[in-house]
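# Observations on the three-dimensional arrangement
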Amino acid sequence: MHQVVDTMSDGATNTNSDLSHRDVSGVQEQPIMASAQSYVRREKLAHLGLIVSVVMAFGAISGQLLLLGLSSQPTISLAAAEPIATSFSRPDIVDRNGRLLATDLEAPSLFADPAIVLDRDELVEKLSTVLPDINQADLRAQLSDKNRRFVWIRRGVSPAIAQKVHNLGLPGLSFRTELHRAYPAGELAGHVLGSVNVDNKGISGIEKFIDSAGAADPVHSATLSTRTPVRLSLDIGVQHALENELENGQRRYRASGAAGVVLDIKTGEVLASASFPSVDPARPEMATSPVRHDRIAGGTYELGSVFKTLTIAMALDEGIAKPSTMLDVREPLQAGAHTITDFHSAGRPLSVTEIFTHSSNVGTGMLALQAGPERMKAFLGKLELLTPMKTEAGAMSAPQLPRAWERAELITMSYGHGLAVAPLQFAASVATLFNGGIRVNPTMLRTSAAPNSDSAKPAQRVIAETTSRQMARLFRLNVTDTSGTGKRADVPGYRVGGKTGTADLAARGGYQEKAVISSFLAAFPMDNPRYLTFVLLFEPQGTQETGGQRTASTNAAPVTADLIARIAPQLGVTPQTIAATQ
Amino acid sequence: MRLLNLAAFCFVITSALFLYGLNYETRRLEADVMAHERAVQKARSDISVLKAERGHLSRPERIDPLARRLGLAPPTIEQLPTSESLADLQDPAIHAPGR
């Protein structure tokens, strides 16, 4: 009896087994005498020992039960839920005015239990009448494994399809309600939104940002998120106008691609960002195609003459030149084996203003040489063009810098070659230029309504205010001047200023023949720059309208004009009468 | 003593009945709560579907061609009065009686 109790309680508590051992040894130590008295005493002792052991054993068992009950609950519930994949419940994504861009919907997901399926072939046969694109061989193989109790067939089907499958009346098929991400606006802002995987987990763009910000909650059932929606800086109206005009431009100039961004200069908010060919956030596999990558943030390009904006700004800010300073640009510049000439040589010395409006390569090259590599580097660094930049939609492609900052690199860089940046990063740098020289941090989220109230990031002046004003004047002049390259971008009443850029498209081992990226960088209204647009056309062709030209002044500039004419009234820019602007 | 026993017995019976009733009432309420929770869940789900539908129907891609077919277009500068032109405006209706 002692032994039995002992083994029962063994391992439950040490004290208990020690005690009972002592008991047993206590009994054995008694000298063996043939008297009845000692026999009674032994009996009594044995009784007492028995009672103590039983009490101890029960105590140990109840203690162990209590411990088990307290500790092992989570393990049990996890085991029950294990075969079913964890899904994520996500907050809605809305635009700056609260219009819906992405939401979770409850959708039935179809699964099979191979153990219950009666006729595998019949099931696959009948199922393919409702779901024609099902992989029959694959499904047969999965269903033949009778040890499995769970096989996904299709996740997130429409209620109509679910009803049809239900009507087939096949045993072993069942539904589970899952959350499924829906994008009511279709392909609108597809690149910015990114996409989710089959478990509703963000894998790119803003969707990934939501996950990393901890706003996506893991759920075991279809539980709609009660979190407040993620409010983007995008404006659906502006985004649509941008996408529409880019598509028009791409068609009109037979370009292989197009991209554009609209930025609020005062707050750094991205109001619209688009890249063509576009992607559908509901079809994540589309984004993996290289031609569909995000050309605004996900690719770096040598941008060409728009970059002269920064060279001229640097010259003005560093005090190397004034807008009226004259430079003799008649002689071509030698840079190593290359000779730098102007596209349209003026045949006379030009002022810095004219260098900008004529888009003179020689002129900007000379200004860059005067400044030298150190000051050039420092200036571009101040504008955050040399280091990788990121927004909430993910990191932008890191800028590609020249290996050395020698004479040749300095000259080519001055007019936008030899340094490749993501267009959004470039736009943000120029926004700083027009924000009175105060740094602009691009953001995809709506900031507070009042500009400059963001106390977390104090206003950081990087460029002199006079430079900012001078650059605004140059930009406006480039559009109003009859010889300005941007005159086709003018929109009456909205004081548009801008700069063209026609860059040779880089290819392996050099530049492609007759393939260019033409771009137009614009800001409006120029008397107090508030909005910035940057439009790029990839490999546009010469058309009758452009007189066979591919330059930005003939294609990207008119696209920008159409864009601004559409978005300026939406953005509430007060127009001035034509008489007042001149 | 007998009276006391009787009273105790009655008390036991009534409290047993009361508890029994309470138990049933609780179950009924629980079922009620669950029905309401289901209704809330259903309503949430419906709201999300309706929201998505509204978003889908009001997507600019659809509204744009519809609006243009109705003869609408983005506003031109001529349609937007400036402060100067408003000052010049002499609207006789403003001074009309009965306003």
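Procedures and definitions
Residues numbered from 1 in each chain as written. Chains lettered and ligands numbered in written order. Predicted model: local features only at pLDDT ≥ 70, side-chain atom pairs only at ≥ 80, totals over all residues. Heavy atoms only, no water. Helix = DSSP H or I, 4+ residues; strand = E, 2+ residues; numbered from the N terminus. Buried < 20%, exposed > 50% of the residue type's maximum accessible area, 1.4 Å probe, protein only. Contact = heavy atoms within 4.5 Å. Phe/Tyr/Trp six-rings, centres within 6.5 Å; stacked < 30°, edge-to-face > 60°. Core = buried A, V, L, I, M, F, W, Y, C linked by side-chain atoms within 4.5 Å. Domains from an automatic or database assignment. Axes fitted to C-alpha atoms, helices over the stretch in contact; angles between N-to-C directions. Parallel < 35°, antiparallel > 145°, perpendicular 65-115°, else oblique. Left-handed = near helix turned anticlockwise from the far one by under 90°. Nonpolar A, V, L, I, M, F, W, Y, C, P; charged D, E, K, R; others polar.

### Some thoughts on the environment of A:Thr443
Residues and elements named next belong to chain A. With respect to the helices and strands, the residue Thr443 is situated in the loop between helix H15 (423–434) and helix H16 (465–480). On the basis of relative accessibility, which here comes to 10%, the residue Thr443 falls in the buried class. For the pair formed by Thr443 and Ala393, sequence separation is 50 residues and the distance between their alpha carbons is 8.6 Å. Excluding residues within four positions of it along the chain, Thr443 makes contact with Ser233, Thr267, Gly268, Glu269, Val270 and Glu392.

### Some details on the packing of aromatic side chains
Residue and element names in this part refer to chain A. By the definition in use, this model includes 10 aromatic pairs over all chains. A ring pair is formed by Phe111 and Phe150, whose centres lie 4.6 Å apart and whose planes are at 25 degrees; its orientation type is stacked. Placement of Phe111 in strand S3 (residues 100–112) and of Phe150 in the loop between helix H6 (136–143) and strand S4 (151–154) is noted, with a sequence separation of 39 residues between them. When the centroid spacing of 5.7 Å and the interplanar angle of 40 degrees are considered together, the rings of Phe524 and Tyr531 count as tilted. An aromatic cluster of three or more residues is present, and its members are Phe111, Phe150 and Trp152.

### Let's talk about the nonpolar core
Residue and element names in this part refer to chain A. Counting 94 residues, the largest nonpolar core has Leu380, Phe426, Phe434 and Met471 as the members making the most contacts within it. Two domains each donate at least three residues to this core, and these are domain 2 (87–231) and domain 3 (236–581). The next biggest cluster of nonpolar side chains, apart from the first, holds 33 residues, and it includes Leu242, Val491, Val496 and Val573.

### Regarding the packing of helix H11 (residues 308–317) of chain A against H16(A)
All names here are of chain A. Closest axis-to-axis distance for the H11/H16 pair is 10 Å, and the angle between their directions is 140 degrees. The angle between the axes of H11 and H16 places the two elements in the oblique class. For the pair H11 and H16, the sense of crossing is right-handed. Counting all contacts with H11, which are made through Thr309, Ile312, Ala313, Leu316 and Asp317, the residues of H16 involved are Thr467, Gln470, Met471, Leu474 and Phe475. By residue class, the composition of the contact of H11 with H16 is six nonpolar, three polar and one charged.

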